[in-house]
Amino acid sequence: MSPQPQAAVGAPLSRVDGRLKVTGKAEYAAEHDIKGVVHAVIVDASIGRGRITSIDTRAAEKHAGVLRVIHHGNAPKLPYRDNTGSNNPPGRRLRVFQDDKVLFHGQPVAVVVAHTLEAAQHGASLVKVRYDAEQPSTDLPQAKPGEPTPYARGDAEAGLRSSAVRLDLTYELARNHHNPMEPHATIARWDGNRLTVWDKTQWVMGTHDEIAAVFDLPADAVRVINPFVGGGFGSGLRCWPHTIVAALAARETKRPVKLVLGRKQMYFGTGFRPAYEYRLRLGSDRRGRLKAAIHDIDAETSSYETFTEGVMLPGQMLYSMPHVSQAYRQVPLDVNTPIWMRGPGFASASFVIESAMDELAHRLGVDPIELRRRNEPSEDEAKNLPFSTRRLRECYTIGAREFGWDRRNPTPRSTRDGNWLIGLGMAAGVYDPGRYPAQARARLDADGTAVVEAATTDMGPGTYTSQTQVAADALGLTMRTVTFRLGDSLYPQTGPHGGSSTMASVGSAVVDACNQVRQQAIKLAVEDEQSPLHGVPAGEVVVRNGRLHVQGSPARGETYRSLLARHNRSHLEARGNYTGPPTPERESYAAYNATFAEVAVDATLGLVRVRRMLGVYDAGRIISPKLAESQAFGGIVGGIGTALLEHTVTDHRDGRIVNANLADYLVPVNADVPEIKAIYLDGEDNAGNLLGVKGLGEVVQVGVAAAIGNAVFNATGRRIRQLPITAEALL
């Protein structure tokens, strides 16, 4: 079959939804104009553990405009049936307003519904809750871990004992919160026994399934709508309690209810990147060939659910070594449940592993890039599978050349710019992109335009644009004649919008649907005696700009419009499908990077300033270079926050988050963002998807904190094994 011309994929196109966003016409979860909507405000628990002994709602209920105050004493019991397809972590879910137990500070204990937001807010302040408080357990080092999840190959203890060079290092990684620009919000409306929810979510179908399970509704009685998301970073990858509260309040008041979390509530109403205590023992020979690694990993989770992420995987396959042992323990705490945050697990593990590799390189007197080259594996030693593609060596070579790595002085504290100590650092990164079953529907109308639909979301990477590019090329149409619709559970089902999965999964379903539609049109033409293409082998027909023609003979052909008009067809339609990766896996499929950083550290004050950064990415085929650059810049900026600024502080006396606001929880601003450059290796990876992509959204943050930390060591000679790296730690 002749290859379909590719005019949109690979072109640096602007976002198709950009004008809607900059003109304010894009409607986010809380902005939908729903007739008769009333407002809800959650009352949060002020203790970290215990029981509610009484709730006095009289003053709130008397306040003008308040319609209802709902709490465990008057709320109906909800079915909460099992939901095997849920996006919730395993364990018992938080059942809002179902009993008097308080499991963490900030847990919803009541909701006030009023005609106006102001009335609901003031009403919430009037609710008086009394507790029988207990001492919460919120301090990771002081809590008892659960049973470990193990991994082992070889004999790591023996391998470590026989190693000529040994390191024993312990790292502390602070909890991080997502802090998207758009707060989480839900509007819920019941029409009889049918529920429509406008919700900020990164998984339309996950939220749909969870709501159906909680209220014991049939699938076709629930609709979730979410056309735009103002940032997520993983915070929207599950259905949170406030969504259930909004739906419950709407059912009880028989009015549509809008519930928007305040910024403070985002710190305990949604999840976070968990804190870690991570001990790594590493052994090598005197030339730096790794022999053994022992990873002891403790991570926080909630007392009522068990949250896990892929923190073990980089230690299993990033470098070649015969002996590896890992123990990953979740530590149950009286906190709300963590959730995946950009580069989940891999970003945390990379700081540990890549910092340790830099420390080993310094101990041996070997260049950090050379040390990594000496330990480059020929296959995935954890899975005993060949790599689909793995081009880390190219990332090192190109990155070193473009960044000027040869100008780096390996002697710490040897390069100055006035009172600033200058350092260069680098780190490798890896991420295992998700690939989930997905469906899409494509319809080609008689006027030559097309509509493609899938129940995915777009939290910022440009799903509207990239999927339009893919569909336009598969159909042989221009971008302006294709409309891609997303964010509605009525559309064909897709998996979560996270884990670098959307392009490979949804994109493959879109390609399949559009290919089917194009082939339907070609079949109509070549079998039609009135068509200029009559009798031409179908495999020799391509479509460009809405015109079918013989490959190599553009003059012989006709348009979609003329073909459908002659056949009196209003449209052609097909449903595309992507079944996920092959089972069992035949190749190890991952995205890689090499990240480089230059920092300046004030020799007197210990202040760290990032001067420039470079990321070189092995991410398969790049669908949209403009969107890809935005992804890389965002990931690097997020990594700067993790490395130098972001740190959730908890008062362990009552579990209160002390810095639950953007004045005290620091995130990078424009002044913190240096010169950034991103380079993408040209190529494709066709392991298990139709587009040759590997995903980009997660890997761009993996390794950033380590590169910055390694640059700080090169600048100062101080090795900081905790995140964030603070001025106090450097003084």
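Located above this text is the structure these notes cover.
Residues numbered from 1 in each chain as written. Predicted model: local features only at pLDDT ≥ 70, side-chain atom pairs only at ≥ 80, totals over all residues. Heavy atoms only, no water.

Chemist: How would you sum up the sheet that holds strand β3 (residues 66-71)? Please name residues and give values.
Modeler: In spatial order, the strands read β3-β5-β1-β12-β9-β10-β11; together these seven strands make up an open sheet with mixed pairing. On the outer flanks of this sheet lie β3 and β11 (222-225), each paired with one strand and no other. Direction aside, the axes of adjacent strands within the sheet are offset by 20° on average. In terms of strand pairing, β3 meets strand β5 (residues 108-114) through five bridges, oriented antiparallel. Bridging from a neighbouring strand, arginine 68 pairs with valine 113 of β5. Helix α6 (residues 241-253) contacts β1 (38-44), β3, β5, β9 (185-191), β10 (194-199) and β12 (257-260) of the sheet and is inclined by roughly 35° relative to β9. (Pairing = 2+ DSSP bridges. Helix = DSSP H or I, 4+ residues; strand = E, 2+ residues; numbered from the N terminus. Axes fitted to C-alpha atoms, helices over the stretch in contact; angles between N-to-C directions. Contact = heavy atoms within 4.5 Å.)

Chemist: Tell me about the environment of leucine 360, and please be specific about residues and values.
Modeler: The residue leucine 360 is located in helix α9 (residues 346-364) in this model. Take leucine 360: its relative accessible area is 2%, and that puts it in the buried class. Linking leucine 360 and glycine 288, residues 72 residues apart in sequence, is a C-alpha distance of 7.6 Å. The residues contacting leucine 360, other than those within four sequence positions of it, are Val165, Leu167, Leu282, Ser284, Leu290 and Leu371. (Buried < 20%, exposed > 50% of the residue type's maximum accessible area, 1.4 Å probe, protein only.)

Chemist: How would you summarise helix α11 (residues 392-403) if you had to cite specific residues and measurements?
Modeler: When the terminal C-alpha atoms of α11 are compared, their 16 Å separation across twelve residues agrees well with the 16 Å that a helix rising 1.5 Å per residue should span. Residues of α11 that are buried: Leu392, Cys395, Tyr396, Ile398, Gly399, Ala400 and Phe403. Looking at the packing, one finds that the buried side of α11 touches α10 (368-374), β17 (420-431), β25 (591-602), β26 (608-618) and β29 (675-680). (Expected span 1.5 Å × (residues − 1).)

Chemist: Lay out the pairing of β25 with the relevant residues and their values.
Modeler: Taking burial as the measure, the twelve residues of β25 include twelve buried ones, the bulk of the element. Across twelve bridges, the pairing between β17 and β25 is antiparallel. Residue pairing for β25: leucine 421 is matched across the bridge by valine 601. Judged from the ten bridges that link them, β25 and β26 form a sheet pairing that is antiparallel. Bridge pairing in β26 links tyrosine 592 to aspartate 618.

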